Amino acid sequence: MRNLLFTALFIVSGTIYAQTQTIDPTINKETTDFPETMLADMDSLYWDWQSKNFLSIDENCVTTAANPSISDSVYIDRLSRIPSIIEMPFNDIVKKHIEAYTTRLRNKVSFILAAANFYMPLFEEALDTYDLPLELKYLPIIESALNPTALSRQRASGLWQFMLRTGKIYGLENNSLVDERRDPIKSTWAAARYLKDLYNIYKDWNLVLAAYNCGPGNVNKAIVRSGGNREHFTGDFWDVYYHLPSETRGYVPLFMGATYAFAYHKAHGIEFEPAPMPLIVDTIMINRPMHLEQVSSTIDIDIETLKMLNPQYTLSIIPATTKSYALTLPVEYISTYLENEALIHAKDSTYLKEY
């Protein structure tokens, strides 16, 4: 995500429907770049923690090594059956990205499918509230591979990969101790507002996706270079395709590939085990500084679980000096926390020495 282009807000509603497929013969097989977060190695501390505690694959639920051969006609038929308001045409570039998910990225897709059990209800709630297409819930998959601590080379952060400036415009706090771009709840609601604003500008969902990736400024330049006028543009993403940055040219087809892969993963032998991580959580407002270790050492909850549920606290410190901050816990720990709150706060001198 790049800089924001401001515009007046309008209420736009849409109806979800199955998209009739067409093949655009003008799009060739040129190489496009994949977002770095989807290509990142899975040997990071985040993925190591996920694989041990969140994304375990059961021995009876195995992703096969090989991807079955699929004809173009089957791809076209399957895409047409996805209930989507976002147009998903089939062409060589879309096919390439579908096959990337279902071949070399198939193991990562299996892990992400499990993580999706935790995040998708949150995404769907925010998108539904703003009357946005629910298939946008797949956007964080290509942005961050559902890693809330993901950080790109351009310093975009979190599930939705907000740049610092855009995050601040949408109310996400950022300082040495708190990065709300990494807060799954706040960043999701901010992303929904941003997507709503972009749609009010372009009135075309694939152009919205392009603008989300490279910024409205670059999309506007692509429209002008293709012979259009931003204020009265009636074309679509494919009309400006060759004038967009290379990563963005691959971004929209990659989104289509992610949507396909999640709809038809079983048809490609990609399976997953439902996440053992607690899916039911609640929050407690904290009104004084606290280190997550104070909680972990008092009520016997794993510190890594706390970090996973509260990734916005970059140094595991909740800096509640001038305002309250939320602490997210598995719902079964809420009463235990409240019963031991005095003991937890009593440890602040031990864990907050450097704060």
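The structure presented is a predicted model; accordingly, all values stated were derived computationally and were not measured.

How each quantity is defined
Residues numbered from 1 in each chain as written. Predicted model: local features only at pLDDT ≥ 70, side-chain atom pairs only at ≥ 80, totals over all residues. Heavy atoms only, no water. Helix = DSSP H or I, 4+ residues; strand = E, 2+ residues; numbered from the N terminus. Buried < 20%, exposed > 50% of the residue type's maximum accessible area, 1.4 Å probe, protein only. Contact = heavy atoms within 4.5 Å. Areas by Shrake-Rupley, 256 points an atom, 1.4 Å probe, with all protein chains shown as cover. Phe/Tyr/Trp six-rings, centres within 6.5 Å; stacked < 30°, edge-to-face > 60°. Pairing = 2+ DSSP bridges.

(A) A look at the overall build of the chain. Helix and strand counts for the chain come out as 17 helices and four strands. Counting across all 355 residues of the chain, residues that qualify as buried make up 54%. Put simply, of all contacts in the chain between residues at least 6 apart along the chain, 76% involve residues at least 24 apart. Just so you have it, the chain exposes about 15600 Å², and 51% of that area is on carbon and sulfur atoms.

(B) Geometry of the packing of aromatic side chains. Tallying each qualifying case throughout the model produces 17 aromatic pairs. Here tyrosine 75 and phenylalanine 90 contribute two aromatic rings whose centre-to-centre distance is 5.8 Å and whose plane-to-plane angle is 25°, an arrangement assigned as stacked. Of the two residues, tyrosine 75 sits in helix H3 (residues 72–81) while phenylalanine 90 sits in the loop between H3 and helix H4 (92–102), which places them 15 residues apart along the sequence. You can call phenylalanine 90 buried: its relative accessible area is 2%. Plain terms: the ring middles of phenylalanine 118 and tyrosine 119 are 5.1 Å apart, the flat faces sit at 75° to each other, and that makes the pair edge-to-face. Overall, tyrosine 119 belongs to the buried group, its relative accessible area being 1%. Members of the aromatic cluster, each reached through a chain of ring pairs, are Tyr75, Phe90, Tyr260 and Tyr264.

(C) Spotlight on the pairing of strand S4 (residues 325–330). Summarising burial for S4: five of the six residues are buried, a large majority. Strand direction decides the pairing type here: strand S1 (residues 281–286) and S4, joined by six bridges, are antiparallel. The partner of methionine 285 across the bridge, within S4, is alanine 326.

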